[in-house]
Amino acid sequence: MIESLLIANRGEIARRIIRTARRLGIRTVATYSDADATMPFVREADDAVRIGPAPARDSYLRQNRILEAARQTGVQAIHPGYGFLSENADFAEAVIRTGLIWVGAPPSAIRAMGLKDAAKQRMIAANVPVTPGYFGEDQDPDRLRREADTIGYPVLIKAVAGGGGKGMRRVDAAADFSTGLESCRREAAASFGDDRVLIEKYILSPRHIEVQVFGDIHGNVVHLFERDCSLQRRHQKVVEEAPAPGMDEATRKAVCTAAVQVARAVDYVGAGTVEFIADVSGGLCADRIWFMEMNTRLQVEHPVTEAITGQDLVEWQIRVASGEPVPRRQEELAIDGWAMEVRLYAENPATGFLPSIGCLEHLRIPEGVRIDSGVEQGDEITSHYDPMIAKLISHAPGRQQAARMLAGVAAGVEVWPVHTNAAFLARTLNHPDFLSGAIDTGFIERHLMDLMPSTEPDERVLQAAASALLGAVAQEPWTTLTGFRMNAEASRQVNIEVAGRPYIVNLDQPARGSGSVIKDIVFIDGEAWPFGSRRADHAGGGQNLTDGSIIAPMPGTVIAVSVRQGDRVLRGQPLVILEAMKMEQALNAPFDGTVAELRASPGAQVTEGVLLARIEGED
Ligand code: ADP
């Protein structure tokens, strides 16, 4: 087996690889950018090499620099993790040419699966069921429209080079086809440098089902059963589980066999995932599950498969890359219980899930489930990389137990001052329709109102904050009250401010809750409520939105300013457009009024919390 390994990746997956490598006695070398110099994965590796400045294109994507680091440190192999260079066939080839072992898919398989249309044509030839559609080379708009008409609406236009949920347009009627095609092509050209598209039948009640496969150089291919990743927001996975709810043995056999067929068709070696789309309008059945694409790498959600099979997939990758056969035969693999994973993100549901950048001054995740994380308290979530804080993975005998266990952990997450999706995750996992298994890829969008965190503190939050404020007079300011339950001596009115808004709290009933109060923040149900005392003459909430201050919710670039100082504006009118993390966000007037102050100018770089404009009310 290989004895030393360089990890061409960062964060959570780098740590995950180090964990297994250490257990196997393999020396590890981390590579890191300037932004990551103090991150846990750099400390935990046996050796670490700086590869460049923060932007990924100057560091984690710099192929020559990574190869140079491998040469310097004398490692035998390179593990690319996922993302970055993991599905870059040219890099895989360069690694192999240098005489190093590539702990990834063969370049030929990466290429075969790299373009969606070619991959689909190849799978049709291998007798794998593929979503009905047009995967041809002719890209003439008239031809594409005729094909769409034949397939029947709604259709989905997809960039052949697409990925990460980008470059897809749903078109519901022939009249909208040209507009959909044009905008899909624009996005495809901008994001992937390739504007070719394919057209598929749009599945109305789709579920995303994927099968973990593993191949070796001796020609063995096994599967490790399926995962269900139907809970998505904007085509990005939010909850992943294994096995898939409602999957009977016959259907499982059909889909897993098809996945093995796919892997064999491209002489697959290593860890791969074959993704299928299922039309569940009439339940999950074998003849309504179609090949979508193959991911030629380890997946973010691999831990749920590890949990139900009891296998370490990173160990499998290392063994197979070393030339060993896949560690288990098909008949030695079985499903044990149910596993579920959620991705805890530094993002703010209230701003349309924009990343929330900053220092994790307080970070606590309750114990009881597997936690795969790249950061610790005190670390920074930067705008350079994916803002994931951790993956939380539960494993229990049944689905409901796995869901409730995970919901409990998500609800107990405490993070400050960065915003997270913890409350959103807890609500999703506790939703009756989710618990009953009534899921498809539209679930989150359909239930979005139920899943959004509260915008107002409830009575428990107010009571806890008020009690803590009274108590803090006598105690030290770092009051920690876990599982608070308090009795005020007599009925008292307390003037407080929670999340920047004033409240008068009647402290007359004992407050009960399973949250905690740390310093001046109430943590409850995955949400964080900062509070403070409010003097009677307090004028109002400082720099919050209700006083008319327009604050940058995160670091970014001002790309447009649509008002001038002195302009009259109406509530909801866009004032400033901010671009952050490649997304545009409009900042709107909170009420009717006049632009009293305007500090934003187009092109300006702004940091989080900066005042961009201030609106003064009419009265
Ligand atoms: P990407 O490579 O960007 O991840 P995929 O082809 O894997 O793109 O599709 C991503 C998601 O888009 C799927 O998980 C599914 O939710 C949705 N999707 C893809 N194809 C269809 C389809 N034909 N009908 C309905 N939804 C689809």
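Residues numbered from 1 in each chain as written. Predicted model: local features only at pLDDT ≥ 70, side-chain atom pairs only at ≥ 80, totals over all residues. Heavy atoms only, no water.

### Notes on the sheet that holds strand E1 (residues 4-7)
Backbone hydrogen bonds are what pair the strands of a sheet, in a parallel or an antiparallel way. Across the sheet, five strands lie side by side as E3-E2-E1-E4-E5; this open sheet has parallel pairing. Looking along the sheet, the strands with just one partner apiece sit at the ends: strand E3 (47-52) and strand E5 (101-102). Examined bridge by bridge, E1 and strand E4 (residues 77-79) share three bridges and lie parallel to one another. Following the sheet pairing, Leu 6 is matched in E4 by Ile 78. Against the sheet, helix H1 (residues 11-23) contacts E1, strand E2 (27-33) and E4, and its axis sits at roughly 175° relative to E1. (Pairing = 2+ DSSP bridges. Helix = DSSP H or I, 4+ residues; strand = E, 2+ residues; numbered from the N terminus. Contact = heavy atoms within 4.5 Å. Axes fitted to C-alpha atoms, helices over the stretch in contact; angles between N-to-C directions.)

### Points about the site of the ligand
Taken together, 21 residues surround the ligand, and among them Lys 116, Gly 165, His 208, Gln 232 and Glu 293 come closest. Take His 208: an N or O atom from its side chain is 2.8 Å from an oxygen atom of the ligand. Residue Glu 275 places a side-chain N or O atom 3.2 Å away from an oxygen atom belonging to the ligand. Considering the ligand on its own, with 560 Å² of exposed area, one finds that the protein chains cover 95% of that surface. Within the residue set of the shell around the ligand, elements represented by two or more residues are strand E7 (155-159), strand E9 (197-201), strand E10 (206-215), strand E13 (270-279) and strand E14 (289-295). Class assignment for the residues of the shell around the ligand results in seven nonpolar, seven polar and seven charged. (Near = heavy atom within 4 Å. Polar contact = N/O pair within 3.5 Å; in protein donor to acceptor, adjacent residues only side chain to side chain. Areas by Shrake-Rupley, 256 points an atom, 1.4 Å probe, with all protein chains shown as cover. Nonpolar A, V, L, I, M, F, W, Y, C, P; charged D, E, K, R; others polar.)

### Some details on empty space enclosed by the protein
Taken as a whole and judged by the stated rule, the model has one cavity of 30 Å³ or more. Estimates place the volume of the largest cavity at around 30 Å³. Lining the largest cavity are Asp 228, Ser 230, Leu 231, Val 239, Glu 240, Glu 241, Phe 434 and Ile 439. The set of elements that each furnish at least two residues to the lining of the largest cavity consists of strand E11 (221-233) and strand E12 (236-242). For the lining of the largest cavity, the residue count by class is four nonpolar, one polar and three charged. (1 Å grid on protein atoms, 1.4 Å probe; cavity = no way out; pocket = protein on both sides within 12 Å on 5 of 7 lines; lining within 4 Å. Points joined across faces, edges and corners; volume = space filled by probe spheres on them.)

### A look at the pairing of E10
Of all ten residues making up E10, ten are buried, and the element is well covered by its neighbours. Every second residue of E10 is oriented toward a common face, with Pro 206, His 208, Glu 210, Gln 212 and Phe 214 on one face and Arg 207, Ile 209, Val 211, Val 213 and Gly 215 on the other, all of them buried. Summarising the sheet, E10 and E13 pair through ten bridges and their orientation is antiparallel. Residue Pro 206 lies in a different strand from E13, and its bridge partner there is Asp 279. The sheet contact formed by E10 and E11 spans six bridges and is antiparallel. In the strand pairing of E11, Gly 215 is matched with Val 221. (Buried < 20%, exposed > 50% of the residue type's maximum accessible area, 1.4 Å probe, protein only.)

### Observations regarding the packing of aromatic side chains
Considering all chains together, one arrives at six aromatic pairs under this definition. The structure contains a cluster of three or more aromatic residues connected by ring pairs, namely Tyr 60, Phe 84 and Tyr 385. The ring of Tyr 202 has Arg 170 sitting right over it, with the charged end atom 4.6 Å from the ring centre. (Phe/Tyr/Trp six-rings, centres within 6.5 Å; stacked < 30°, edge-to-face > 60°. Lys NZ or Arg CZ within 6 Å of the ring centre and 35° of its normal.)

### Some words on the state of the cysteines
Applying the stated criterion across every chain yields a total of zero disulfides. Not part of a disulfide, Cys 229 finds its nearest cysteine sulfur in Cys 256, a span of 13 Å. (Disulfide = S-S within 2.5 Å.)

### Examining unusual backbone geometry
Backbone torsion omega between Tyr 153 and Pro 154 reads -5°, so that peptide bond is classified as cis. Following the sequence through the fold, Pro 154 ends up in the loop between helix H7 (141-151) and E7. Here the amide bond leading from Trp 416 into Pro 417 is cis, since omega sits at 0°, within 30 degrees of zero. Within the secondary structure, Pro 417 sits in the loop between strand E23 (414-416) and helix H13 (422-430). Within the chain, Arg 234 stands out as a residue other than glycine whose phi angle is a positive 50°. In this structure, Arg 234 sits in the loop between E11 and E12. The exposure class of Arg 234 is exposed, given its relative accessible area of 61%.

### Quick word on the sheet that holds strand E20 (residues 370-373)
Taken in spatial order, the eight strands of this open sheet run E14-E13-E10-E11-E12-E15-E22-E20, and their pairing is antiparallel. Of all the strands in the sheet, just E14 and E20 have a single pairing partner and so form its edges. The average angle at which neighbouring strand axes cross in this sheet is 25°, direction not considered. Pairing of E13 with E14 involves six bridges; the strand directions are antiparallel.

### Some details on the packing of helix H3 (residues 63-73) against helix H4 (residues 89-97)
Where H3 meets H4, the axes come as close as 11 Å, and the angle between the chain directions of the two elements is 25°. Of the possible angle classes, the one that applies to H3 and H4 is roughly parallel. In this structure, H3 crosses over H4, and the sense of that crossing is right-handed. Contacts from Gln 63, Ile 66 and Leu 67 of H3 reach H4 at Asp 90, Phe 91, Ala 94 and Val 95. (Parallel < 35°, antiparallel > 145°, perpendicular 65-115°, else oblique. Left-handed = near helix turned anticlockwise from the far one by under 90°.)

### Examining the pairing of strand E26 (residues 492-498)
Direction of pairing for E26 relative to strand E27 (residues 501-507): antiparallel, over a ladder of seven bridges. By the bridge assignment for E27, Val 494 is matched with Val 505. Connecting E26 to the antiparallel partner E27 that follows it, the hairpin turn spans two residues, and Ala 499 within it adopts a positive phi of roughly 50°. In terms of strand pairing, E26 meets strand E31 (residues 527-533) through three bridges, oriented antiparallel. Bridge pairing in E31 places Glu 497 opposite Gly 532.

### Here we look at the confidence of the model for the protein chain
The predicted model of the protein chain has a mean per-residue pLDDT of 91, with 93% of residues at 70 or higher. A low-confidence stretch, residues 473-485 stays under pLDDT 50, and its non-local contacts, those more than four residues away or across chains, total 28 contacts. Counting interchain partners and residues more than four positions distant, the pLDDT-below-50 stretch residues 536-545 has eleven contacts. (pLDDT = per-residue confidence, 0-100.)

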